[in-house]
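Summary of the model geometry
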Amino acid sequence: MDQRKTGKFLKELRKEKNLTQEQLAEMLGVSNRSVSRWENGVNMPDFDLVIEIVNYFDVTIEEFLDGERKMEMDKKTEETLLKVADYENNEKMKFSRRLCRIFIAALIAFIVYMVIDIQGLSSTGVYENIADFSLGLVFGVLILGTLFTSRYMGRIQAFKRRILHRKGAE
């Protein structure tokens, strides 16, 4: 697969529909910069976005990935690729659930810390250790959350926009 060829093909498809990069980005729930990177062959869209793109432009996944129009891909291959996309989305959901559990644990640790601190026990024996551990857990989760959300926040927002767009269309 040649990313530049695929990007050039995406640009052709977009221009056939008289869309700007901004309009395509808005439709897919991504940034203009993402569309530009795809068209220049720097990056490729996530597989779930590829499915949306090929459906919108009425091309097959094989045509999109190869960067040229062909006859028709057999249905079995397309079904397999759709299963791969479903698997990828399931893995992302599992990751989101795990991250949510971590944030809940940090919230509980923060509440424990606040209770100990309000009671004035944060400087006595075992309570000091519990308070320090709780505060350390909260701080660690904040760092972890910052790292993950900075990388994935754009994707999460795009996913939400796609869901809201689909619900609005129904």
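The text that follows walks through the structure, step by step, so that each part is easy to find. (Residues numbered from 1 in each chain as written. Predicted model: local features only at pLDDT ≥ 70, side-chain atom pairs only at ≥ 80, totals over all residues. Heavy atoms only, no water.)

The phi angle at Asn18 is positive, at roughly 55°, despite the residue not being glycine. Positionally, Asn18 belongs in the loop between helix 1 (3-16) and helix 2 (21-28). Phi at Asp58 takes a positive value of approximately 55°, unusual for a residue other than glycine. Residue placement: Asp58 occurs in the loop between helix 4 (47-57) and helix 5 (61-66). For Asp58, a relative accessible area of 68% puts it in the exposed group. (Helix = DSSP H or I, 4+ residues; strand = E, 2+ residues; numbered from the N terminus. Buried < 20%, exposed > 50% of the residue type's maximum accessible area, 1.4 Å probe, protein only.)

On to the packing of aromatic side chains, then. Applying the stated criterion to the full structure yields one aromatic pair. The ring of Tyr56 has Lys17 lying over it, and the distance from NZ or CZ to the ring centre is 4.9 Å. (Phe/Tyr/Trp six-rings, centres within 6.5 Å; stacked < 30°, edge-to-face > 60°. Lys NZ or Arg CZ within 6 Å of the ring centre and 35° of its normal.)

Once that is clear, we can look at the pattern of salt bridges. On inspection of all chains with the given rule, the structure shows four salt bridges. Taking the shortest distance from any N to any O, the salt bridge between Arg14 and Glu39 comes out at 2.5 Å. Of this pair, Arg14 sits in helix 1 while Glu39 sits in helix 3 (residues 32-39), and the two are 25 residues apart along the sequence. Residue Arg14 shares its accessibility class with Glu39, and that shared class is buried. Close ionic contact of Lys94 with Glu91 constitutes a salt bridge, the shortest N to O distance being 3.5 Å. Highlighted residues: Lys94 and Glu91, both in helix 6 (residues 75-118), separated by three residues, approximately one helical turn. (Salt bridge = Lys/Arg side-chain N within 4 Å of Asp/Glu carboxyl O.)

Here Thr6 is to be found in helix 1. With a relative accessible area of 1%, Thr6 lands in the buried category. Contacts of Thr6, omitting those with residues within four sequence positions, involve Met1, Met44, Phe64, Leu65, Asp66 and Gly67. (Contact = heavy atoms within 4.5 Å.)

Membership of the largest hydrophobic core comes to 22 residues, with the highest contact counts inside it found for Val30, Trp38 and Phe57. The set of elements that each furnish at least two residues to this core consists of helix 1, helix 2, helix 3, helix 4 and helix 5. Those residues in contact with Phe57 that sit more than four places away from it in its chain are Leu10, Leu13, Arg14, Lys17, Leu19 and Leu24. (Core = buried A, V, L, I, M, F, W, Y, C linked by side-chain atoms within 4.5 Å.)

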